[in-house]
Amino acid sequence: MNQHNKGKAKYILVRALLLLFIVTTLNCSASGFNGVDFHSFLTTDTIPVNKLDSQKIVSDIRSELMPAKKIADTNIIVTSDTFSLRSSKNALDAPVTYHADDSMVMDIPGKKIILYGKTGSVKYADNELYSPRIEFDQLTSLVSAYLVRDSNGNVVSFVRFKQGDLVTQSDSMRFNMKTGKGITKSTYSQQGEIFFHAEKLKKVDAEVFYGFRGQFTTCNLDTPHFSFVSKKFKFINKKMAVTGPVHPEFESVPVPIYLPFGIFPLKTGRRSGILAPTFTANEQLGLALEGLGYYKVLSDIWDVVLRGTIYSYGGWTANVSPRYYKRYRYQGSLTVDIQHLRDLDKSGARNFNVRWNHSSDSKARPGVSFNASVNAGSSGFNSAVPNSPQRNFQNQLNSSITYSKIWKNKPFNINISGNHNQNTNSKQVNINLPDIGFNVNTLYPFRRKEVIGQYKWYENLGIALNTNVRSLSSFYDTTGNFFGEFTKNYKWGAAHNVPITLSLPQIGAFQISPNITYQEKWYQETFTRSWNAADKKVDTTIKRGFYTAREMSFGLGMATRIFGMFTFKKNSKVQAIRHEIRPNISANYKPDMNRKFWYNTQIDTLGNIGRYSIHERGVFGAFSEGRFGGLSFGIDNNLQMKVRNKKDTTASAARKITLIDGLSINSGYNFLLDSFKLSPFNINMRTNLFEKISLSASAVVVPYLTNDKGEFIDKLVWNKKVALGKLTSANVALQSQFKGGDKNEKLPLANPQNSNLNSISGLPLNEYEQEAAYISNNPGEFANFNIPWSISFTYSLNYNRVPNGLGTGYKGSVTQNTSWTGSLNLTPKWQIGINGSYNITEKEIGMISMYLTREMHCWQMAINISPVGRYRSFNISISPKSGLLRDLKINRTRYFYDL
């Protein structure tokens, strides 16, 4: 290349660099300064060029740099429309996007850019920086950011930095855009529940930081109420923070308690680790280190908890609890407890308890489910659990394992289960294994496959099948031969029920429905009593084999609905009252198909006669004898009121208020009986008054007169007086709740719960139920200060007509119970509460607990006292609110209970 061409190439290169800077400058916005794809190109030429002129320059440069070349022996001309430039050694690896609210200053000789504005920002790769002042040095690739104060000394904006999951707020920072390393001053950040502050923080890479003079806390205030302070620490993002010597501070006052090092977990989710124990005391077993254990994550599906307790008098307990969970498939847990307890007399015994919970997700195999709840063990286990009076007096253990399947597009389903019940006082064990239920949904054999129009009346004739096969065994666990006793007392039976129904078209306002029911039971034995006159005792005879009994019944039912309405004047607040009456009547007939299975026999030396069935020991019991031919009738009522809102005149302003949800009376009349043909009246009522007071009541009234001994005679009561009859049983239940403040605020649970077992099934609680039980038993630690006051109460009354015990008549037995819960904010930070129960009939106070709690922002203090009743306890607790630091609580608990 000659000298002329070399000079021309240099001239074109300069023009290309000039054009590149012009195009970059044109990308700046009118409202501020934005940089898109800005790498490290700076130039001393800042003369603006028109956009159309720049396009012409580009075209000229291309034509000068890349002239057309002729290819030998052809007329084809090939041109190139691209060119490449060698990047600078200071160029960055990715584009930089920047923005300045106020202005941007470019120091061309120093190769620096300074951004000003309240929300200035720079984004490079996964790094995002927001600051009122940002400086970029091209020579060193350093970015510096500083906070800015206004004329009054107030901070305009802090320096905020974000990289991946890490978000920090600092007074200033500097970092290298190439290496990613940097240093910040006065930095705040949050990892899960932990907030930390460092006087200086050095970033080594995207995950690791080193800090100087750091504070760790769960308090979210700028000046935290408490913190753990260390001079040096290492911080691994989303994993942990490790410190040197560490000590706590309260209200910035150091506490002279030093630990050689500190480990603060920052990783969320499951992780293996030591479970901290608690110190307790027991009068019989001594001091205890309770709940010391280890949690181990075995895999994504499995984990296990190992816990143990050691007592000063030589006793110990051990607990192994593996758990498993596979999303959308199944979940469950297995718990094995072993006790070896000793008291001052060195006496004690070993007990065990096994609990297993399993549930399958319905979406895993639609139509198929498998669930298990097992709670079994030694009869003396519950009574020996320390510091748990409620569990000590629990004498029932229950288990259930169930498998069910519903066939798709088929009318039948099957349910297979096994059940276990154990009384720890009597040591009796009842096992039901297996229990099989097979059901066929209603089939309509006369329906057409292709229906045009409505069904004919006979096409609604349906037939179904319900079959239950059950086997059981009952024995005592004192014999030691579990399988032998189970086999020896094993019994089985079956019951079949075939309902036949016909749904007839509605006739006017009446719905008529006839039905036929066929039942059959299978037995493995007959049991017969006979009087032995020689020995003057009752002998029993058992014959094993296969026996059956059956029964049929026929019925015809009719029902209708009657509506009535009473309207008021237009200016009245009450617009109308609506009354709905639902009467029903049915005729039923049952022949006596089982009289042959009943017999009379003498039962004592006084010559008393008893009547029994040979199938009385059957798994499903015996059919009753006698015919029934009569009527069953009843009536149900519903009462509603429509009320106008005077402040709102729109049509939608009116609302319905239910005065009575239901008021029903039911009875029957058997024409075939020799006496007492009219059945007792069953009366039920339920309502929710003013949407505040829930009220329910029921009663049984016998419509017959009584003799001098109080026994009913076959004479209707209204032959002598106007009355429905004599009340034999009744109950009334009432409950309500009132509170102040926001109606959407929720109260903590009020009823004390066992923190280990379900109060109904006796099975272990899952983690959510355990949390609810802890809240219930420690209401002071979970008080809602947004509710200034609250009160709730329940009341129940039960009446029964029972023999007076003298053989001369009957008397009325009444039991009344009430329970209540209340809370009151003494100040915005102090709350007092009480809950308890009282047996009005026995004049006995149930379990009463009171609490006093103090709101301390990130800490909580609660005092719980149960001063009276069979179970008494005292507890004072001071702890952080964060669940992460719950084991740091100061706790003192004592239990007292009456045997």
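Residues numbered from 1 in each chain as written. Predicted model: local features only at pLDDT ≥ 70, side-chain atom pairs only at ≥ 80, totals over all residues. Heavy atoms only, no water.

### Observations concerning the overall build of the chain
Stated formally: The numbering of helices and of strands both runs from the N terminus, where a helix is a DSSP run of H or I of at least 4 residues and a strand a run of E of at least 2. Using a 1.4 Å probe on the protein chains alone, a residue whose accessible area is under 20% of its type maximum counts as buried, one over 50% counts as exposed, and one in between counts as partly exposed. The contact rule is simple, with two residues in contact once any of their heavy atoms fall within 4.5 Å. For the area figures, the Shrake-Rupley method with a 1.4 Å probe applies, and any residue is considered shielded solely by the protein chains shown.
Helix and strand content of the chain: six helices and 55 strands. Split into buried and exposed, the 899 residues of the chain put 32% on the buried side. A separation threshold of at least 6 residues defines the contact pool for the chain, and within that pool the share at least 24 residues apart is 50%. Total accessible area on the chain is roughly 53700 Å²; 57% of this is exposed by carbon and sulfur atoms.

### What to know about the pattern of salt bridges
Using the following cut-off: One speaks of a salt bridge when a side-chain nitrogen belonging to Lys or Arg is within 4 Å of a carboxyl oxygen belonging to Asp or Glu.
As enumerated under the stated definition, the model contains 18 salt bridges in all. Between D592 and R595 there is a salt bridge whose closest N-O contact spans 2.9 Å. Through salt bridges with shared partners, a single network forms among R561, E580, R582 and D636.

### Description of the packing of aromatic side chains
The test is simple: Between 30 and 60 degrees the pair is tilted, below 30 it is stacked and above 60 it is edge-to-face, where a pair is any two Phe, Tyr or Trp rings, Trp via its six-membered ring, whose centres lie within 6.5 Å.
Per the counting criterion, the structure on display carries 25 aromatic pairs. Judged by centre distance (6.5 Å) and plane angle (50°), the rings of W356 and F370 are tilted. Taken together, the residues W356 in strand 28 (residues 350-360) and F370 in strand 29 (residues 368-377) connect sequence positions 14 residues apart. A ring pair is formed by Y599 and Y612, whose centres lie 6.4 Å apart and whose planes are at 45°; its orientation type is tilted.

### Structural notes on the environment of T140
Position of T140 relative to the elements: it lies in the loop between strand 7 (127-137) and strand 8 (142-146). Judged by its relative accessible area of 36%, T140 is partly exposed. Separated by 38 residues in the primary sequence, T140 and K178 have C-alpha atoms spaced 9.4 Å apart.

### Describing the pairing of strand 5 (residues 103-107)
Rule in force here: Strand pairing is assigned whenever DSSP identifies at least 2 bridges connecting the two strands.
Judged from the five bridges that link them, strand 5 and strand 6 (residues 112-124) form a sheet pairing that is antiparallel. When the bridges of strand 6 are listed, D107 appears paired with K112.

### Re a nonpolar patch on the surface
The line we're drawing: Patches here: salt-bridge-free residues with over 30% relative accessible area, like charges joined within 9 Å, nonpolar side chains (Val, Leu, Ile, Met, Phe, Trp, Tyr) joined within 5 Å.
The grouping of I274, L292, Y294, L306, W316, V320, L334, V336, I338 and F352 at the surface amounts to a nonpolar patch, some 830 Å² of accessible area in total. Elements with a contribution of two residues or more to the nonpolar patch: strand 24 (286-297), strand 26 (316-326) and strand 27 (330-340). Sort the elements by how many residues they give to the nonpolar patch and strand 27 lands first, with three residues.

### Here's the deal with the pairing of strand 41 (residues 628-643)
Successive side chains on a regular strand alternate, one facing one side of the sheet and the next facing the other. Pairing of strand 38 (residues 574-590) with strand 41 involves 16 bridges; the strand directions are antiparallel. Bridge pairing in strand 41 places P583 opposite I635. Relative to strand 42 (residues 655-670), strand 41 is paired through 13 bridges, and the arrangement is antiparallel. Across the sheet, K642 pairs through a bridge with K656, a residue of strand 42.

### Description of unusual backbone geometry
A cis amide bond, omega -10°, links L433 with the succeeding residue P434. Turning to its location among the elements, P434 is positioned in strand 32 (residues 428-443). Not every positive phi belongs to a glycine, and A125 is a case in point at roughly 55°. Looking at the element boundaries, A125 is found in the loop between strand 6 and strand 7. Unusually for a residue other than glycine, K427 sits at a positive phi of about 65°. Tracing the chain through its elements places K427 in the loop between strand 31 (412-423) and strand 32. Its relative accessible area of 30% is what places K427 among the partly exposed residues.

### So, the environment of L826
In this structure, L826 sits in the loop between strand 49 (810-825) and strand 50 (830-839). As for L826 and L852, which are separated by 26 residues in sequence, their C-alpha atoms are 9.9 Å apart. Those residues in contact with L826, other than ones at most four positions away along the chain, are Q831, I832 and L852.

### Concerning the side chain of Q163
You can see Q163 is positioned in strand 11 (residues 159-163). The class for Q163 is buried, based on a relative accessible area of 10%. Excluding anything up to four places from it in sequence, Q163 contacts D126, N127, K203 and A206.

### Examining the confidence of the model for the chain
Where we set the bar: The predictor reports its confidence for every residue as pLDDT, a score running from 0 up to 100.
Looking at the chain as a whole, the pLDDT averages 81, with 82% of positions reaching at least 70. Between residues 19-49, whose pLDDT stays under 50, and residues either more than four places distant or in other chains, the model counts 51 contacts.

### Considering the state of the cysteines
Let me state the cut-off plainly: By convention in this document, the label disulfide applies to cysteine sulfur atom pairs within 2.5 Å.
Tallied over the full model, the rule gives zero disulfides. C858 forms no disulfide, and the closest cysteine sulfur to it belongs to C219, at a distance of 3.6 Å.

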